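Architecture at a glance
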Amino acid sequence: SQKIEQNSEALNIQEGKTATLTCNYTNYSPAYLQWYRQDPGRGPVFLLLIRENEKEKRKERLKVTFDTTLKQSLFHITASQPADSATYLCALKAGTALIFGKGTTLSVSS
Amino acid sequence: DTEVTQTPKHLVMGMTNKKSLKCEQHMGHRAMYWYKQKAKKPPELMFVYSYEKLSINESVPSRFSPECPNSSLLNLHLHALQPEDSALYLCASSQEGASGASSTDTQYFGPGTRLTVL
């Protein structure tokens, strides 16, 4: 069956460090993968999209990598801040539906 | 305008009530979605409308009835719900290319309606 897994339910780091979140998938061959941020009680907000022919994508302090051989995407937040504390979801398109991983809740302490 | 709006923000209803959730977007997007999200779980797709036609119904019980009156509006009619239907209901939209796999498949979510069924 098709699965998307985000290995850590929770990640706690100190302010200023780099947070690295992992998304693995099986039985998909996605053309691209997306990362979203969700704050409690709010809808997800799109952050980055990376295509299968892109190894890396950056946006300000965010970096995403995509390894189609390993079937894995890594999401990095450099120089993390308490305001980065949220749940981060990876998502793949399966047909016309977007399938989300369970998310990793990041807590950045000052 | 890159916003998806949803009303109401909160809704409490009894099992015999009929209520509706509303969603609106003015980005010219042609695909609109309803998701259900329980606490500490990812959003689960319920329905997809593409060009105002229902294209996906993820085996959702008939007590949930979607409606797309026009390309900007999406409703979810609720009737005879159960307490286990209590959740955050999210609406989203995307531009959606003709092939369904375009570069513009980013989904824009509304803030959600927190539904409690008593």
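Overview of the structure. (Residues numbered from 1 in each chain as written. Chains lettered and ligands numbered in written order. Predicted model: local features only at pLDDT ≥ 70, side-chain atom pairs only at ≥ 80, totals over all residues. Heavy atoms only, no water.)

**Some remarks on the pairing of strand E4 (residues 32–38) of chain A**
Residues and elements named next belong to chain A. The buried count for E4 comes to seven of seven residues, which makes it a mostly enclosed element. Going residue by residue along E4, you find Tyr32, Gln34, Tyr36 and Gln38 tucked away on one face and Leu33, Trp35 and Arg37 tucked away on the opposite face as well. Pairing between E4 and strand E5 (residues 45–51): six bridges, direction antiparallel. Within E5, the residue paired with Leu33 across the bridge is Ile50. Taken together, E4 and the strand that follows it, E5, pair antiparallel across an intervening segment of six residues, in which Gly41 is found at a positive phi of about 70 degrees. Inspection of the sheet shows E4 paired to strand E9 (residues 86–94) by six bridges, in the antiparallel sense. (Buried < 20%, exposed > 50% of the residue type's maximum accessible area, 1.4 Å probe, protein only. Helix = DSSP H or I, 4+ residues; strand = E, 2+ residues; numbered from the N terminus. Pairing = 2+ DSSP bridges.)

**Overview of the pairing of strand E9 (residues 87–94) of chain B**
Residues and elements named next belong to chain B. E9 sits mainly inside the fold: eight of its eight residues count as buried. As paired strands, strand E4 (residues 31–37) and E9 are joined by seven bridges and run antiparallel to one another. From the neighbouring strand, Gln37 faces E9, where its bridge partner is Leu88. Direction of pairing for E9 relative to strand E11 (residues 113–117): antiparallel, over a ladder of three bridges. Paired with Ala87 across the two strands is Leu115, which belongs to E11. Summarising the sheet, E9 and strand E10 (residues 108–109) pair through two bridges and their orientation is antiparallel. If you follow Ser93 over to E10, its bridge partner there is Tyr108.

**Observations regarding unusual backbone geometry**
Residues and elements named next belong to chain B. Cis geometry marks the peptide bond from Thr7 to Pro8; its omega dihedral reads -10 degrees. Mapped onto the elements of the fold, Pro8 is located in the loop between strand E1 (4–7) and strand E2 (10–13). With a phi close to 50 degrees, Tyr51 is a non-glycine residue in the positive phi region. By secondary structure assignment, the location of Tyr51 is in the loop between strand E5 (44–50) and strand E6 (53–57). A relative accessible area of 43% places Tyr51 in the partly exposed class. Of note in this structure, Ala80 is not a glycine but carries a positive phi near 55 degrees. Among the secondary structure elements, Ala80 is positioned in the loop between strand E8 (73–79) and E9.

**Focus on the interface of chain B and chain A**
On the chain A side, the residues contacting the 21 residues of chain B number 20 residues. Buried area between chain B and chain A, summed over both chains or domains, comes out near 1,600 Å², and the portion from carbon and sulfur atoms is 56%. By the criterion of area lost to chain A, the three top residues of chain B are Pro42, Thr106 and Phe109 of chain B, representing 26% of everything that side buries. Across the chain B-chain A interface, the total number found is zero salt bridges. The interface formed by chain B and chain A holds two residue pairs in polar contact (both at pLDDT 80 or more) in total. Those elements that provide at least two residues to the side of chain B that touches chain A are E4 and E9 of chain B. (Contact = heavy atoms within 4.5 Å. Buried area = accessible area lost by both parts, 1.4 Å probe. Salt bridge = Lys/Arg side-chain N within 4 Å of Asp/Glu carboxyl O. Polar contact = N/O pair within 3.5 Å; in protein donor to acceptor, adjacent residues only side chain to side chain.)

**A word on the pattern of salt bridges**
Side-chain pairs of opposite charge can arise where the charged atoms are in close proximity. Applying the stated criterion to the full structure yields nine salt bridges over all chains. In this structure, Glu56 of chain A and Arg58 of chain A form a salt bridge, with 2.9 Å as the shortest nitrogen-oxygen distance. Take Arg58 of chain A: its relative accessible area is 58%, and that puts it in the exposed class. Glu52 of chain B is the salt-bridge partner of Arg30 of chain B, the closest N and O atoms lying 3.3 Å from each other.

**Describing the sheet that holds strand E3 (residues 18–25) of chain B**
All names here are of chain B. Strand order in this open sheet of four strands is E1-E3-E8-E7, and the pairing throughout is antiparallel. Lying at the two open borders of the sheet, with one neighbouring strand each, are E1 and strand E7 (64–70). Direction aside, the axes of adjacent strands within the sheet are offset by 20 degrees on average. With five bridges joining them, E7 and E8 adopt antiparallel strand pairing. Residue Glu67 lies in a different strand from E8, and its bridge partner there is Asn75. (Axes fitted to C-alpha atoms, helices over the stretch in contact; angles between N-to-C directions.)

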